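An overview of the molecular structure
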Amino acid sequence: MNETLLISILAASITAGTPILFAALGELITERSGVTNLGVDGMMLVGAATGFMASVTFHSPWLGVGVALLAGGIMALIHAYLTITLRANQVVSGLALALFGSGLSSYLGKNYVGMRPEQTFEKLAVPYLSNIPIIGPVIFKQDALVYLSYGLVVFVAFYLYKTRAGLFLRALGENPAAVDAVGVNVFGLRYLYVIIGGALAGLGGAYLSLAYAPCWLENMTAGRGWIAVALVIFALWDPWRALVGSYLFGGIDALGFHLQVLGIPVSIFILNMMPYIFTIVVLIFVLIRRGGRLAAPQSLGLPYDREER
Amino acid sequence: MKIKVQKSLAPNLTSQILVPIFAVLASLFFCAIFFALTGKDPIEVYSAMFSGALGSEYGISETFVKMIPLALCGLGVAVAFRMHLWNIGAEGQFYMGACAATWVTLSFPTLPFFLMIPAMIIMGALAGGLWGLLAGWFKVKWQVDEIISTLMMNYIGILWVDFLVYGAWRDPEGKNFPLTAAFPAAAMLPTFGSLRVHYGIFFVFILALIFWVVFKKSKWGYETLVIGSNPIAAKYAGINIRSNVLLAMFISGALCGIAGMVEVSGVVGKLQPGISPGYGYTAIIVAWLARLHPLAIVGVAFLFAVIHVGGFMLQTMGMPSATATMLQGAMLFFVVGSDILTKYEIKFISSKEGEKNE
Amino acid sequence: MADTPLISMRNIVKRFPGVTANDQINLDLYPGQVHALLGENGSGKTTLMSILTGLYRPTEGTISVNGQEKKFTSPRDAIDNGIGMVHQHFKLIESFTVAENIALSQISNSFLLSQDAVVDDITKLGEKYGMVVNPKSYVWQLSVGEKQRVEILRMLYRNSKVLILDEPTAVLTPQETRELFANLRKMANDGCAVVFISHKLNEVLELADQITVLRSGKVVGCFGRNDTNRYGLIEMMIGRDINVNKSNNKQEQSLGEVILEVNNISALNDVGTLGLNGMSLNVKAGEIYGIAGVSGNGQRELAEVLAGLRPATCGSIKFKGEEIIGMSPKAMIERGISYVPEDRLGMGLVPNLDASENVILKEYGTSKYSNSWKVNKTAAIKATEAIVKKFDVRMGSIFQPVKMMSGGNLQKLLLGREIASHPKLMIVLYPVRGLDIGAIESVHKLLLQLKKENTAIILVSEELEEIAELADRVGVIFSGKILGEFPVSAMDTELVGSLMAGITENKEDMV
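All values derive from a computational prediction rather than experimental measurement.

Quick word on the overall build of chain B
Summing up its helical and strand segments, chain B has 14 helices and 2 strands in all. What you see for chain B is a C-alpha radius of gyration of 22 Å, in line with the 21 Å of a compact globule of 358 residues. With the C-alpha coordinates aligned to their principal axes, the bounding extent of chain B is approximately 85 × 60 × 35 Å. A buried classification covers 55% of the 358 residues belonging to chain B. Considering only contacts within chain B whose residues lie at least 6 apart along the sequence, 79% involve residues at least 24 apart.

This is the structure in structure tokens:
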């Protein structure tokens, strides 16, 4: 395979994987705190739609990003209220969010279908680094949001493993009673992390509509939000693995397109199945190896009930 | 005299029926605000929806057409949810059922009606059932979360159908469109006159009744109820949880597979991408709103079909049909949120009683 | 020994609805001392420690730390005052490392997680007190003994001066127990006040400097180790003569053949250590075999093995001559083995279902309550009404979810269901726990009735009076085996008390 093609595929893997990465990082944070939010796809769509609308209306992609963050966060707030305060079933609430988000985004974005934004996120080459053979143009010739995603992965990993706040975040999902016992507000923290997760999902959607496509189409996530949910498990709730997984899935996306261009007769459908089959296989493998436990945060999905005093 | 809100333990009429109704009304109200804020008169919107769905023969027929797959998938979802098995894979099981039914018509195109249809039903149920069973097996053997596995298998199933209709099963005379040849007449479920409503509706009523009886009276219905309510007690009582998980996932998938078969045989007449506009997902809302009661599921499926068809009609008003999805999602939200209301009741206590508590 | 106690609890009273758990308790803890709290189940020692650790607020009374009166409004307050407790069920996060678990309890405002400092400190602490654990290993990799060390290190890391350990040796091997004692002594010598809750008399006498005995919520004795002996302590713990001749409810009944033969079985408990260790017993038809003992010595594990809910790792169980070890719960039920668990609403019944649906829980598949594929609701309702009448179960309606019923009535329903199934063998755990006098009498009558119908009954109880009243033979369970067995006529305070506390004539069994 010649170099240009390789670079093209790898770079496209990163671009295609970035929306998934944002959403997966968000859901990872949410689940680490002990809450499952299946509404990721809906939050992505709302972020995509509102971000696009804001960007076009105010001629500012960055404003679009801001609005998408806000929109995703607000949607997640609904889920947080239902599941943390009202202790409703997290699975069903998340599904409701996904569905509502899908409908809401279509409703809001209706007039914006087919529009082309004037400004999008252009690819920016990092001086010197982008000249490294092969890796350079792949990693360092991306748009601003991709660079943001790099930083985010590093930050989330740092936060999670090297800070006290991160320790508490991890403890929240494992044993909220232990966190409560030290006098830290379990409910408040969970609210915070669920909202952050939603905001990041919104950002992932905004990436689709503001950089990747860029345009707004109904249901443009094509289920990427669900892949992000699976990816979090596949990544064992670790940001670095989420990075690798996102680009892997992105790569399959990119590869499919390129193979078609090259006329290689692998059915694009079989190829597109790979991420999903892969997820199940990896999950099984991980569960067999670890004996079924120690993968998920122990208190994931369980509402927290303080004991009587 | 004091008014006290306290935890109520018994499901009563209020919680079972009034609360869901309240939730539906509240969501209508909530979305009405939304419409108003974006410049549409909510009354106009709702009347357009309801008259579109129910105001004409065509509308009612379309509503029933949409209700059929929703109700069947809803029943499938309910069977699994009863045991707290979160089968999100109704969509994929639907597609696999449609696929298998199509296979029958393609492999045995000359079968007569009374053999073709049963064969399609059986194969559709089998395919959907096995698709669900696979996820159940992953759970039983390796504790793979069924939410993830069924979800992934949705996409695999949908892509599998894409693969077939874009490839080996593509109709050579179809002008390169991704669809199979039209089903022979023997493979089509009859319709009522010139309307699109088809005999699939009998499946709905028959299966709803069957499962109503199964849930209420059968030994298996009892077993699954106990497992879903208290798996520890189930194990204590000697109930085999593993085999029930497998059975429930199979039956759940089978029902959704039948829904797929019924859709291609009664409405579409061929296999093509996008035969389901998310029935599998909407069915989850339907089942949850109906509190997993088979007869209520039919009713709620009808309601949702009304919203769906009505939403379609909204396009003439310049609103996207996705408005319906929004409304359905909101309904689920309100049901989920108002579930908490069923856990509480308001009590009036005289001041003397009030002093007794510590 | 210093002059001012580190902790002084004065006139502590704690009342719950219907029971006074602590009644005018005084307790002084001095630095450099190992203080043992001795008492049966229900003596009030757990409640007292819950108050000291800030989990409960005392109804009356004061707590002073270093002479200053303090009010604890939350566990955090107790921790801030240097009080730490290692519970029977560890509160560790399995997927964290040792250092991370301990860092969680650290009181620090720093943003960064300085693991190295924590690791260093843990290593130093560990070496100082002989509690060596690798700070970087994950908790799930550790043995139970090592996990306990982590809990203790956590307390020391937080500068706890009062170290409370609740039945710490229950999960340890003899070797680990010896190490623990040596380490606790080191900590005491270093100025800590160690509180050691236990029912194992040998250990108490070996380790403790001061011993306080609680019974029925009151302090019945407080001695230095050299001022008492084991028999005195036993008498104080149990405190009364068990009147065996109260057998006016029991008539002479000739017992049948041996129905159950348990031979040398072992089984793991939930923590992964041995819950049953060479357990053997046998029961005849029509016999009530009472098992006395402090809760947590293998009673639940024995019942679960017999019910098919827990695997036994060795040994044999013969039921009416048939080897049944390893069979499924269903097989056990089919053979007429009935298990009445202590967790009534969590295991024995389905809380959201109504009484008639619960009555058929085990028998819904039999011809009694079903025909072909259907459940015979009429038969179920009839049977439920019969049970309700016969066993005097009070409830709003038999169609209400059973979780609405009171504890006593739940137990009557549960027992009623099991008795109505005419079992050949019944294992019943703590049948009258939480019941009022009237209910207790009813339950006892029911059990005696069942005995008349020739059912073999294993009655596990914390109440020695109950066992004296109902049992034919008594076995005392300790550390997963029957330490001593005797006919009920031979039951007396000294004998039972010693066995319950782990003391036996047989030198091999002593820890």
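A word on the overall build of chain A
Broken down by element type, chain A carries 12 helices and 2 strands. The secondary structure elements of chain A, listed N-terminal to C-terminal, are α-α-α-α-β-α-β-α-α-α-α-α-α-α. For a compact globule of 309 residues, the expected C-alpha radius of gyration is about 19 Å, and chain A comes in at 19 Å, within 12% of that figure. The principal-axis extents of the C-alpha atoms in chain A amount to approximately 65 × 45 × 40 Å. For chain A, the proportion of its 309 residues judged to be buried stands at 53%. Residue pairs in contact within chain A that sit at least 24 positions apart in sequence constitute 78% of those at least 6 positions apart.

Observations concerning helix 12 (residues 294-313) of chain B
For an α-helix the count is 3.6 residues per turn, leaving residues at separations of three or four pointing the same way. The end-to-end C-alpha distance of helix 12 of chain B, which contains 20 residues, comes to 29 Å, matching closely the 28 Å that a straight helix rising 1.5 Å per residue would cover. Counting buried positions over the 20 residues of helix 12 of chain B gives 18, a clear majority of the element.

Some thoughts on the nonpolar core
Leu72 and Ile297 of chain B together with Leu459 of chain C are the most contacted members of the largest nonpolar core, which has 380 residues in total. For this core, the element with the highest residue contribution is helix 9 (residues 186-212) of chain A, accounting for 15 residues.

Things to note about the sheet that holds strand 12 (residues 274-284) of chain C
Residue and element names in this part refer to chain C. Within the open sheet, the 4 strands sit side by side as 12-11-14-15. Their pairing is antiparallel. Every other strand in the sheet has two partners, leaving strand 12 and strand 15 (322-323) as the edge strands with one partner each. Relative to strand 15, strand 14 (residues 314-319) runs antiparallel, the two sharing 2 bridges. The partner of Phe319 across the bridge, within strand 15, is Glu322. Lying on the sheet, helix 9 (residues 299-307) is in contact with strand 11 (258-268), strand 12 and strand 14; it crosses strand 12 at an angle near 65°.

What about the packing of helix 2 (residues 42-54) of chain B against helix 12 of chain B?
Residue and element names in this part refer to chain B. Helix 12 packs onto helix 2 with a crossing angle of 110° between their chain directions and a minimal axis gap of 7 Å. By the angle class used here, helix 2 and helix 12 are roughly perpendicular. Between helix 2 and helix 12, the contacting residues are Ala48, Met49, Phe50, Gly52, Ala53 and Leu54 on the first element and Val306, Ile307, Val309, Gly310, Gly311 and Met313 on the second. Partitioned by chemical class, the residues of the contact of helix 2 with helix 12 number 9 nonpolar, 3 polar and no charged.

Looking at unusual backbone geometry
The omega torsion of the bond from Ala213 of chain A to Pro214 of chain A falls at -25°, within 30 degrees of zero and hence cis. By the secondary structure assignment, Pro214 of chain A is in the loop between helix 9 and helix 10 (224-234). Its identity is not glycine, yet Glu167 of chain C carries a phi of approximately 45°, on the positive side. In this fold, Glu167 of chain C is placed in the loop between strand 7 (162-166) and helix 6 (174-189). A count of 19 C-beta atoms within 10 Å places Glu167 of chain C in the partly exposed class. Backbone geometry at Asn454 of chain C places phi at a positive 75°, although glycine is not the residue there. Relative to the helices and strands, Asn454 of chain C resides in the loop between helix 15 (437-452) and strand 20 (456-461).

Digging into the packing of helix 12 of chain B against helix 13 (residues 322-338) of chain B
Residue and element names in this part refer to chain B. Where helix 12 meets helix 13, the closest approach of the two axes is 7 Å, and the angle between their N-to-C directions is 150°. When the interaxial angle is binned, helix 12 and helix 13 end up roughly antiparallel. Crossing angle aside, the handedness with which helix 12 passes helix 13 is right-handed. Listed contacts from helix 13 to Phe304, Ile307, His308, Gly310 and Gly311 of helix 12 are Thr323, Ala324, Leu327 and Gln328. Here the contact of helix 12 with helix 13 is composed, by residue class, of 4 nonpolar, 5 polar and no charged.

Notes on the interface of chain A and chain C
Facing the 13 residues of chain A at the interface are 16 residues of chain C. Listing elements by their share of the side of chain A that touches chain C, those giving two or more residues are helix 7 (164-174) and helix 8 (176-181) of chain A. The element contributing the most residues to the side of chain A that touches chain C is helix 7 of chain A, with 5 residues. Here the side of chain A that touches chain C is composed, by residue class, of 6 nonpolar, 4 polar and 3 charged.

Notes on the interface of chain A and chain B
Every contact between the two is made by 37 residues of chain A and, on the other side, 36 residues of chain B. Looking at the side of chain A that touches chain B, the elements with two or more residues in it are helix 3 (61-85), helix 4 (90-109), helix 10 and helix 12 (268-289) of chain A. When the residues that make up the side of chain A that touches chain B are grouped by side-chain class, the tally is 25 nonpolar, 10 polar and 2 charged.

Considerations on the pairing of strand 12 of chain C
Residues and elements named next belong to chain C. In this structure, strand 11 lies alongside strand 12, joined through 8 bridges in antiparallel fashion. Bridge pairing in strand 12 links Glu261 to Asn282. Taking the residues between adjacent antiparallel strands as the criterion, strand 11 and strand 12 are bridged by 5 residues, where Gly272 takes a positive phi near 100°.

Considerations on the confidence of the model for chain B
All names here are of chain B. For chain B, mean pLDDT is 86; residues scoring 70 or higher make up 91% of the total. Confidence drops under pLDDT 50 across residues 353-358; counting only partners more than four residues distant or on other chains, this segment forms 3 contacts. Reported confidence for the predicted complex is 0.82 by ipTM and 0.85 by pTM.

Here we look at the sheet that holds strand 8 (residues 193-198) of chain C
Neighbouring strands of a sheet are bound in pairs by backbone hydrogen bonds; such pairs are parallel or else antiparallel. Residues and elements named next belong to chain C. With mixed pairing, 6 strands are arranged side by side in an open sheet as 6-7-8-3-9-10. Pairing within the sheet leaves two strands with one partner each, and these edge strands are strand 6 (83-86) and strand 10 (218-224). Taken pair by pair, the neighbouring strands of this sheet meet at an average axis angle of 20°, ignoring direction. Sheet topology note: the strand 6/strand 7 ladder contains 4 bridges and is parallel.

Side note on the pairing of strand 4 (residues 60-65) of chain C
Within a regular strand, side chains alternate between the sheet's two faces. Residues and elements named next belong to chain C. Where strand 1 (residues 7-16) and strand 4 come together, 5 bridges link them in antiparallel fashion. Each residue of the ladder has a partner; that of Arg10, found in strand 4, is Thr62. Of the pairings in the sheet, the one linking strand 4 to strand 5 (residues 68-70) comprises 3 bridges and is antiparallel in character. The partner of Val65 across the bridge, within strand 5, is Gln68. Connecting strand 4 to the antiparallel partner strand 5 that follows it, the hairpin turn spans 2 residues, and Asn66 within it adopts a positive phi of roughly 55°.

Concerning the environment of Trp142 of chain B
For Trp142 of chain B, the location among the structural elements is in helix 5 (residues 113-142). Judged by the 15 C-beta atoms lying within 10 Å of it, Trp142 of chain B falls in the partly exposed class. With residues near it in sequence (within four places) discarded, Trp142 of chain B still touches Ile284, Leu287 and Ile288 of chain A.

Details of helix 1 (residues 3-32) of chain A
Within helix 1 of chain A, the axis deviates most sharply at Thr18 of chain A, by approximately 40°, and proline Pro19 of chain A lies no more than four positions further along. Looking one or two residues beyond helix 1 of chain A, the residue adopting positive phi is Gly34 of chain A, at roughly 105°.

Re the environment of Val300 of chain B
Checked against the element boundaries, Val300 of chain B lands in helix 12. Apart from the residues within four sequence positions on either side, Val300 of chain B is in contact with Val286, Leu289 and Ala290 of chain B.

Re the environment of Asp166 of chain C
Residue and element names in this part refer to chain C. Positionally, Asp166 belongs in strand 7. In this structure Asp166 comes out as partly exposed when scored by C-beta crowding, with 18 C-beta atoms within 10 Å. Put simply, Asp166 and Lys45 are 121 residues apart on the chain and 9.5 Å apart in space, counted from C-alpha to C-alpha. In contact with Asp166, not counting residues within four places along its chain, are Met49, Met85, Val86, His87, Gln88 and Ile197.

Parameters at a glance
- Residues numbered from 1 in each chain as written.
- Chains lettered and ligands numbered in written order.
- Predicted model: local features only at pLDDT ≥ 70, side-chain atom pairs only at ≥ 80, totals over all residues.
- Helix = DSSP H or I, 4+ residues; strand = E, 2+ residues; numbered from the N terminus.
- Rg over C-alpha atoms; globule rule 2.2 N^0.38 Å.
- Buried ≥ 20, exposed ≤ 12 C-beta atoms within 10 Å, placed from the backbone.
- Contact = placed C-beta atoms within 7 Å.
- Expected span 1.5 Å × (residues − 1).
- Core = buried A, V, L, I, M, F, W, Y, C linked by C-beta atoms within 7 Å.
- Pairing = 2+ DSSP bridges.
- Axes fitted to C-alpha atoms, helices over the stretch in contact; angles between N-to-C directions.
- Parallel < 35°, antiparallel > 145°, perpendicular 65-115°, else oblique.
- Nonpolar A, V, L, I, M, F, W, Y, C, P; charged D, E, K, R; others polar.
- Left-handed = near helix turned anticlockwise from the far one by under 90°.
- pLDDT = per-residue confidence, 0-100.
- Bend = angle between axes of the 7 residues up to and from the residue.

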